[in-house]
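# Close look at the chain arrangement
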Amino acid sequence: MATLPIYVSLSSEGLFTSPVNATPVDYAKIYPDPESEKAIMGSVVYCIHHKEGCQWSDELRKLKAHLNTCKHDAVLCAAQCGAMIPRVLMQDHLRYTCPRRRANCEHCGKEFSGSALEEHQGNCGHEPVYCENKCGAKVQRRHTQQHVQQHCSKRLVPCRHCGQRYTQDTVSAHGAMCSRAPVPCPQRCLAAPARDELDAHLRDHCPSGSVLCTYKDAGCRFKGTRQALERHTEESSQQHLALVSALATRQARQLESLRSAVARLSVNYTGALVWRISDWAAKMAEAKCKDGVELVSPAFYTSQYGYKLQASLFLNGNGAGEASHMSVYIKILPGEYDALLRWPFAHTVSFTLFDQSSSPDRACNIVESFVPDPTWKNFQRPSKEPDALGFGFPRFVSHEMLKKRNFVKDDVMFLRVKVDPSKIVAV
Ligand SMILES: [Zn+2]
Ligand SMILES: [Zn+2]
Ligand SMILES: [Zn+2]
Ligand SMILES: [Zn+2]
Ligand SMILES: [Zn+2]
Ligand SMILES: [Zn+2]
Ligand SMILES: [Zn+2]
């Protein structure tokens, strides 16, 4: 009979089971014949742990004895935790996984039973854990609270200058810019003003800053500390007074030259003056009761660099026109460009008295003009003292004519003096 080994397995109750459907095999039922049983028990089989690596192979009847020593066969845990453990794994089980093993916590070193150790792990106060503020530090679990409150670089601390809260690792960078942080005075006084008060300190309070004398605009050149300035101001009142007085004199001169510049700018350069004579009745009355009452017009230039002229008017007449006519004259005044001009003055001058009648077609102006006589001394270049006499018309308009027409209206009279502008400048 062939002795090929067959596979059988052992159930948890210690019965052989059929490898096909795992139901217990009752040999007495299959093989009631003791001879057959004898034959079966004599057949050669592998150890039921053949697949796990046991190489044992012998008659079936010796299998049970082999299993008592087979290192792959499971037996009750030696520490009586109740687990069935293959003999070959027993040592590992007892050391690492048996709940009844004894073991020390790798962090605190305390000894625990296996199940207690599993509970202890994750709670051990000595186990290093990462800080929950993500500062990167690892501290023993029992010290985490202290770390978060006292040492963690991510804990919030108040800036000691402004009181705002910053994480501990940024508060000093903030402090370097904090507007309330004290900064040393750049003028090296002993004060340390807050950064946002430094400007005011330098401007108004710094005892070391040099300041200028209050009279600097008057010319005082003093420069010194605030204290020295106080002393200087007390001691220098005489000097300051002199400076202010000199300044006033300078300014008066400037004012004068400005005045004359303004006067120059307002001078008429057109060569034609329209002279407005207001308060006419009062002026006429005055002229009638006083001798030689002369009205003079504003001075005007014949052109920008031309002759300087002035008209004069005797309302009650003079010379041949006295008491019957209004006389009108032109005078040549000393001008700024006389040196460049052609002499004697040779331009035609005309006088126009405007008729202010409300209907223009009925208006009748009076016009008189003359070409200067080159031999007449009034037309020579004037000296510094202008000639009192002018040249013109003693009998310009009669008083009768003045009454007839509207030469005076609203107590105002207009007289135009016009110079022919051609060929005035000699150079
Ligand atoms: Zn075995
Ligand atoms: Zn165990
Ligand atoms: Zn521990
Ligand atoms: Zn931390
Ligand atoms: Zn701050
Ligand atoms: Zn200072
Ligand atoms: Zn001063």
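Here the structure is shown first, and the text comes after it.
In this report, we go over the structure that sits alongside the text. Note that the coordinates shown come from a computational prediction; the quantities given were computed from them, not determined experimentally. (Residues numbered from 1 in each chain as written. Chains lettered and ligands numbered in written order. Predicted model: local features only at pLDDT ≥ 70, side-chain atom pairs only at ≥ 80, totals over all residues.)

### Quick notes on the pairing of strand E18 (residues 308–314)
- Of all the seven residues making up E18, five are buried; the element is thus mostly covered by neighbouring parts of the structure.
- Pairing geometry for strand E17 (residues 300–301) and E18, over two bridges, is antiparallel. Bridge pairing in E18 places phenylalanine 300 opposite leucine 309.
- One ladder, built from seven bridges, connects E18 with strand E19 (residues 325–333); its direction is antiparallel. Bridging across to E19, leucine 313 finds its partner in valine 328. (Buried ≥ 20, exposed ≤ 12 C-beta atoms within 10 Å, placed from the backbone. Helix = DSSP H or I, 4+ residues; strand = E, 2+ residues; numbered from the N terminus. Pairing = 2+ DSSP bridges.)

### Brief notes about helix H10 (residues 237–266)
- Counted at 1.5 Å a residue, the expected span for H10 with its 30 residues is 44 Å, and the 42 Å between its end C-alpha atoms agrees.
- For H10, the buried fraction is low: zero of the 30 residues fall into the buried class. (Expected span 1.5 Å × (residues − 1).)

### Points about unusual backbone geometry
- In this chain, tryptophan 343 is followed by proline 344 through a cis amide linkage whose omega measures -5°.
- For proline 344, the location among the structural elements is in the loop between E19 and strand E20 (349–353).
- In this structure, lysine 134 is a non-glycine residue whose phi angle is positive, near 60°.
- Relative to the helices and strands, lysine 134 resides in the loop between strand E9 (128–130) and strand E10 (138–140).
- Looking at lysine 134, the number of C-beta atoms within 10 Å reads 9, which means it is exposed.
- Although it is not a glycine, aspartate 410 sits at a positive phi angle of roughly 55°.
- Examined against the element boundaries, aspartate 410 turns out to sit in the loop between strand E23 (408–409) and strand E24 (412–419).

### Observations concerning the environment of histidine 151
- Within the fold, histidine 151 resides in helix H6 (residues 144–151).
- Judged by the 14 C-beta atoms lying within 10 Å of it, histidine 151 falls in the partly exposed class.
- C-alpha of histidine 151 to C-alpha of alanine 137: the two residues are 14 residues apart in sequence and 9.8 Å apart in space.

### Some remarks on the nonpolar core
- Ranked by size, the top nonpolar core spans 26 residues in total, and within it Ala311, Leu313, Met326, Val328, Leu415 and Val417 carry the most contacts.
- Counting only elements with at least two residues in this core, the list comes to E17, E18, E19, E20, strand E22 (391–398) and E24.
- Once you skip the residues sitting within four places of it in the chain, leucine 415 turns out to touch Trp275, Ile277, Ala311, Leu313, Val328, Phe351 and Leu353. (Core = buried A, V, L, I, M, F, W, Y, C linked by C-beta atoms within 7 Å. Contact = placed C-beta atoms within 7 Å.)

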